[in-house]
Amino acid sequence: MRLLPIDNELFPGVISWLDKEENYKWLDFGFGSQPIPPPAFLMMLKKPNHCLRVFTGEDDQTPIGLVAFSNIHPQFRTAMLWYLLGNKTYEGQGLTTRAVGQMLKLGFRELGLVAVHAWVAEGNAASVRILERNGFRLIGRQRQCHYVDGEPRDRLLFDLLASEFPGIREGRSPAMDSGAVPLLGTILTEVAHSGVSADLSTVFQAVIKVL
């Protein structure tokens, strides 16, 4: 399995997943409607407070789903996790659970996050299992705030600290523990100073400048 940045080749497939009711009814992008318009999704990809990856199947080639951090807070070092399995022929194989685990490693080890939160609309038992298998804890619920098939649902609220994530210490570099690796907030500040529509090359230049 691999996590892949969304490029021009992967973009149409991701949009097709997000446009299906079986997927978007469990999500909320805050644009006034659950299916996110392609231009709005493209804007998300360009903003530094979102980190989205397509995950593949066991062959490391076939794109089958999406896993993401949104609302990345550079000072508090927090983010919201969300995900979906786009290709339903891969259901029941634990691949989304694995993809979430890999994304959490990226978040905690590379982005420097210290806490990640997520929510699940009540009734989505498969999504709850994905979070629980990755160490998330139920911390509460937001009542009657989500609609699925026209019916109000509660949102179940979960969170996970970096210190609670299984195996987070393994493979952690001495540089990260000593603070030699710059915090995400410093990097994003440099990106922000370079312009609103920073591309990937600008991000790399900002990282080099901080280092």
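Given the structure is predicted, the values throughout are model-derived calculations rather than measurements.

Q: Explain the overall build of the protein to me, using residue names and the numbers behind them.
A: Along its length, the protein carries 8 helices and 7 strands. Residue burial in the protein is summarised as follows: out of 211 residues, 42% are buried. A fraction of 59% describes how many contacts in the protein between residues 6 or more apart in sequence connect residues 24 or more apart. When the accessible surface of the protein is totalled, it reaches about 11400 Å², and 53% of it is carbon and sulfur.

Q: I'd like to hear about the side chain of N134, residue by residue, with values.
A: Along the polypeptide, N134 turns up in the loop between α5 (125-133) and β6 (137-148). According to the relative accessible area criterion, N134 is buried, its value standing at 6%. Sequence-distant contacts of N134, defined by excluding residues within four places in its chain, comprise T97, V100, G101, L104, L160, F165 and P166.

Q: Got a sec to walk through the sheet that holds strand β7 (residues 151-161)? Specific residues and values, please.
A: With mixed pairing, 7 strands are arranged side by side in an open sheet as β1-β2-β3-β4-β5-β7-β6. With one partner strand each, in any of the chains shown, β1 (3-5) and β6 form the two edges of the open sheet. The sheet shows a mean angle of 30° between the axes of neighbouring strands, taken without regard to direction. The pairing of strand β4 (residues 78-85) with strand β5 (residues 115-121) spans 3 bridges and is parallel. By the bridge assignment for β5, T78 is matched with A115.

Parameters at a glance
Residues numbered from 1 in each chain as written. Predicted model: local features only at pLDDT ≥ 70, side-chain atom pairs only at ≥ 80, totals over all residues. Heavy atoms only, no water. Helix = DSSP H or I, 4+ residues; strand = E, 2+ residues; numbered from the N terminus. Buried < 20%, exposed > 50% of the residue type's maximum accessible area, 1.4 Å probe, protein only. Contact = heavy atoms within 4.5 Å. Areas by Shrake-Rupley, 256 points an atom, 1.4 Å probe, with all protein chains shown as cover. Pairing = 2+ DSSP bridges. Axes fitted to C-alpha atoms, helices over the stretch in contact; angles between N-to-C directions.

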